[in-house]
Amino acid sequence: ATHETSMNANSSRSHTVFTVTIIQKDRETGDTLTGMLNLVDLAGSERLKKTESQGVRLKEALHINTSLTALSKVIMSLDPSSDGSHVPFRDSKLTRILQNSLGGNSFTTVLAAIHPNPLYYEECLSTLQFANRCRNVKNNPKVNYISENEDKDRTIKRLKEEIKSLTAKLNSSDGGGHGGHGHHHSAPPMNTSN
């Protein structure tokens, strides 16, 4: 949603989140992997005096600023130099939606859009400070299996089959199929002299 304000003829009046979920299945192994792509366009932080917002526009601006403040608190909590005991993801719908993209199992890129006009100096500085804080957040991306229990079951099944196969090979190379209790050959002593 966009609407004209005193600062911008086409001001974003909401955040936009476009989510693509991808499910991939390996035809040979049957493994199912999932991935998610979040494309997010955040509405800009607004100084209420500059925008001269009233009525519906004022209400929109308050919601935008509240959610951006919640996002900023999450970013500060995820900074490794903070105590990090509690990350307030539940403070906003925006931070709940972006929880997997912030400091978790993902790759995240932040693009900060700033205006060259000195009139917007304060807003641009605030945006750059936010982007700089985002640089401190460390993510830990890894492959997502649909169900970790299914993945463990597959691993156990594969290992059991491997044990069975190795046991059969050991028995067949033993000469008489003595169940691994046949002749043992020791390795020749190692030459340690130079």
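Our structure is the block above this text.
Peer 1: I'd love a proper account of the pattern of salt bridges, names of residues and values included.
Peer 2: Where charged atoms from two side chains of opposite charge approach closely, those side chains can pair. One pass over the structure, following the stated rule, counts one salt bridge. The residue Glu162 makes a salt bridge to Arg158 at a minimum N-O spacing of 3.7 Å. A residue pair is termed a helical-turn pair when its members lie 3 or 4 positions apart in one helix, as Glu162 and Arg158 do in helix α5 (residues 148-173) at four residues. The partly exposed category is assigned to Arg158, whose relative accessible area is 46%.

Peer 1: Kindly report on helix α4 (residues 121-134), identifying the contributing residues and their values.
Peer 2: In this model, α4 (14 residues) spans 20 Å end to end at C-alpha, consistent with the 20 Å of a helix rising 1.5 Å per residue. Three or more residues of α4 are buried, namely Glu123, Cys124, Phe130, Ala131 and Cys134. Projection of α4 onto a plane perpendicular to its axis shows the buried side chains occupying an angular sector of 125°, all on one side.

Peer 1: Break down the nonpolar core for me, citing the residues and quoting the values.
Peer 2: One finds Leu71, Val74, Ile75, Leu78, Phe89, Leu94, Leu98, Leu102, Phe130, Cys134 and Val137 forming the largest nonpolar core, which totals 11 residues. Of all the secondary structure elements, the ones that give two or more residues to this core are α2 (55-78) and α4. For this core, the leading source of residues is α2, giving four residues. Apart from residues no more than four positions distant in its own chain, Leu102 is found in contact with Leu71, Val74, Ile75, Leu78, Phe89 and Asn139.

What counts, and at which threshold
Residues numbered from 1 in each chain as written. Predicted model: local features only at pLDDT ≥ 70, side-chain atom pairs only at ≥ 80, totals over all residues. Heavy atoms only, no water. Salt bridge = Lys/Arg side-chain N within 4 Å of Asp/Glu carboxyl O. Helix = DSSP H or I, 4+ residues; strand = E, 2+ residues; numbered from the N terminus. Buried < 20%, exposed > 50% of the residue type's maximum accessible area, 1.4 Å probe, protein only. Expected span 1.5 Å × (residues − 1). Arc of directions from axis to C-beta. Core = buried A, V, L, I, M, F, W, Y, C linked by side-chain atoms within 4.5 Å. Contact = heavy atoms within 4.5 Å.

In short, the description is geometric, and any link to function would need to be established separately.
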